[in-house]
Amino acid sequence: MTPSDAPLVELTPAAADLLRRLREAHGPLMFHQSGGCCDGSAPMCYQDGEFRTGNSDVLLASLTVDGVAERVPFWMSKSQFEVWAHTRLIVDVVAGRGSGFSLEAPEGVRFLIRSRLVGA
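Quick caveat: nothing in here was measured; it's all calculated off a predicted structure.

For the structure shown, the criterion picks out three salt bridges. Glu-70 serves as the salt-bridge partner of Arg-23, at 2.5 Å between the closest nitrogen and oxygen. Highlighted residues: Arg-23 in helix α1 (residues 13-26) and Glu-70 in the loop between β4 (57-63) and β5 (72-77), separated in sequence by 47 residues. Using a relative accessible area of 25% as the deciding quantity, one classes Glu-70 as partly exposed. The shortest N-O distance in the salt bridge between Arg-114 and Asp-92 comes to 2.7 Å.

What follows deals with the sheet that holds β5. An order of β3-β2-β5-β4 is seen for the four strands of this open sheet, with the pairing classed as mixed. Both edges of this open sheet fall to β3 (44-47) and β4, since each of them pairs with a single strand only. Within this sheet the neighbouring strands show an average axis-to-axis angle of 25°, counted without direction. Of the strands in this sheet, β2 (29-33) and β3 touch α1, which is tilted by about 120° from β2.

The subject of this paragraph is the sheet that holds strand β1 (residues 9-11). The strand order across the open sheet built from three strands is β1-β6-β7, with neighbouring strands paired in mixed fashion. Strand pairing shows two members of the sheet lacking a second neighbour, β1 and β7 (109-117), which therefore form its edges. The mean angle between the axes of side-by-side strands here comes to 30°, regardless of whether they run parallel or antiparallel. Sheet strands in contact with α1 are β1, β6 (87-95) and β7, and its direction is about 65° off that of β6.

Each aromatic ring pair is characterised by the separation of its centres together with the angle its planes make. As enumerated under the stated definition, the model contains three aromatic pairs in all. Here Phe-31 and Phe-74 contribute two aromatic rings whose centre-to-centre distance is 5.5 Å and whose plane-to-plane angle is 40°, an arrangement assigned as tilted. Within this pair, whereas Phe-31 is found in strand β2, its partner Phe-74 is found in strand β5, the two being separated by 43 residues in sequence. As far as burial versus exposure is concerned, Phe-31 and Phe-74 are alike and both buried. Ring geometry for Phe-31 against Phe-111: centres 5.0 Å apart, planes inclined by 85°, an arrangement best described as edge-to-face. Here the residue Phe-31 occupies a position in strand β2, and Phe-111 occupies one in strand β7, the gap between them amounting to 80 residues.

Attention shifts here to the confidence of the model for the protein. Mean pLDDT over the protein: 88, with 88% of residues reaching 70 or higher. By mean pLDDT, the top-scoring element of the protein is α1 (98), and the lowest-scoring one is helix α2 (residues 78-84) (88).

About the cut-offs
- Per chain, the residues get numbers from 1 upward, laid out in the order the sequence is written.
- Only residues with pLDDT of 70 or above have their local features reported here, since the model is predicted, and side-chain atom pairs are shown and tallied only from 80 upward, although totals for entire chains, interfaces and linings are computed over all residues.
- Side-chain measures were taken over the full set of non-hydrogen atoms in the model, leaving aside hydrogen atoms and water.
- Criterion for a salt bridge: a side-chain nitrogen of Lys or Arg within 4 Å of a carboxyl oxygen of Asp or Glu.
- The numbering of helices and of strands both runs from the N terminus, where a helix is a DSSP run of H or I of at least 4 residues and a strand a run of E of at least 2.
- For every residue, the accessible area obtained with a 1.4 Å probe (protein chains only) is divided by the maximum for its type, and the residue is called buried under 20%, exposed over 50%, and partly exposed between those limits.
- Strands are treated as partners if at least two bridges between them are detected by DSSP.
- Axis geometry follows a simple rule: fit a line to the C-alpha atoms, using only the stretch in contact for helices, then measure angles between N-to-C directions, giving values from 0 to 180 degrees.
- The criterion used for residue contact is that any of the two residues' heavy atoms lie within 4.5 Å.
- A pair of Phe, Tyr and Trp rings is counted when the ring centres sit within 6.5 Å of each other, with Trp represented by its six-membered ring. The angle between the planes then sorts it: under 30 degrees is stacked, over 60 is edge-to-face, the rest tilted.
- You can read pLDDT as the predictor saying how much it trusts each residue, on a scale of 0 to 100.

Okay, structure coming up:
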């Protein structure tokens, strides 16, 4: 895979495992990363369609997760995408609760973005 072929967004095995559990409990899922203050720079996981996207958002990826019937869309605000445009986003999971409304909060974990420059 060349750097230009690399996905813009990928999941760690821990993130994929958590998405399978969340899908079973909540139905189809989506991510949105706004870039705002507090947990706004962390990806938030919602039931698909629960967070309304619009012209100020970019669909970066439709993630395939083994064991999940449908793809999981990953949205980002345009202003945040301008900052991260040359970066591969890696969705991971860490212990601890974020302060947002993301579906994983009751699990005692939170999604986190790790990143690599495209081509690195």
